[in-house]
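In case you want the letters, here they are:
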Amino acid sequence: MRHTGFAVLALGVVVSAGSLMAQTAKQDMKDAGHDTAKATKNTGHAIAKGTETGYDKTKEGTVKAAHATEHGTKTAAEKTKDGTVTAAHATAHGTKVAAEKTKEGTVKAADATAHGTKVAAHKTKVGTEKMADKVDGK
């Protein structure tokens, strides 16, 4: 009987071990399912956080770009205004100088025309007198 008792005992241990192994494998599968679900959930949170971070960074960059554009536009407007004022002053000065030179030229031309007219009148008078003397026989 001793051998039978040992065999029964050995068989009991093997069956128990098989049961334990089956329970362990079943538990391992269950744990793996929980681990997978947990990992999926963590991945979802990481993706959501990354998306939110990307959104925030894009928003922040857009705001910075808008401010820089606004500043650049104001600077360009001020420089355009300054350039326009400078050009207006230069144009006014150039116009004044041109008007003065035109006036001087007009005065010179008028004086030259008056002198030329006097000379021409004198020569016409002298020429007419010479012709009149020739006609009179003098």
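Anything mentioned here points back to the structure above.
Read on for a plain summary of the structure. As the structure is a prediction and not an experimental result, all values here were calculated from the model. Going along each chain's sequence as written, the residues are numbered from 1 onward. A pLDDT threshold of at least 70 governs which residues receive local features in this predicted model, and a stricter bar of 80 or more applies before side-chain atom pairs are shown or counted, although totals over entire chains, interfaces and linings include all residues. Side-chain numbers here rest on the full set of heavy atoms in the structure, without hydrogens or water.

A word on the overall build of the chain. Runs of H or I in DSSP of at least four residues are treated as helices and runs of E of at least two as strands, each being numbered from the N terminus. Scanning the chain from terminus to terminus reveals one helix and zero strands. Only protein chains enter the calculation, and the probe is 1.4 Å; a residue is then buried if its accessible area is under 20% of its type maximum, exposed if over 50%, and partly exposed in between. Taking all 138 residues of the chain together, 0% fall into the buried category. For the chain, the accessible area works out to roughly 12,200 Å², and carbon and sulfur atoms hold 66% of it. Methods summary: accessible areas were calculated by the Shrake-Rupley approach with a probe of 1.4 Å, and residue burial reflects only the protein chains presented.

When a carboxyl oxygen of Asp or Glu is within 4 Å of a side-chain nitrogen of Lys or Arg, the pair counts as a salt bridge. A complete count under the given rule lists two salt bridges for this structure. Between Glu-60 and Lys-64 there is a salt bridge, and its shortest N-O distance comes to 3.7 Å. Of this pair, Glu-60 and Lys-64 both sit in helix H1 (residues 2-136), separated by four residues, roughly a single helical turn.

This next bit is on the environment of Thr-84. Mapping Thr-84 onto the fold places it in helix H1. Overall, the relative accessible area of 48% leaves Thr-84 in the partly exposed class. Pairs of N or O atoms are called polar contacts if they sit within 3.5 Å, as long as, within protein, a hydrogen donor faces a hydrogen acceptor (for residues adjacent in sequence, only side-chain-to-side-chain pairs). A polar side-chain atom of Thr-84 sits 2.7 Å from the main-chain carbonyl oxygen of Thr-80.

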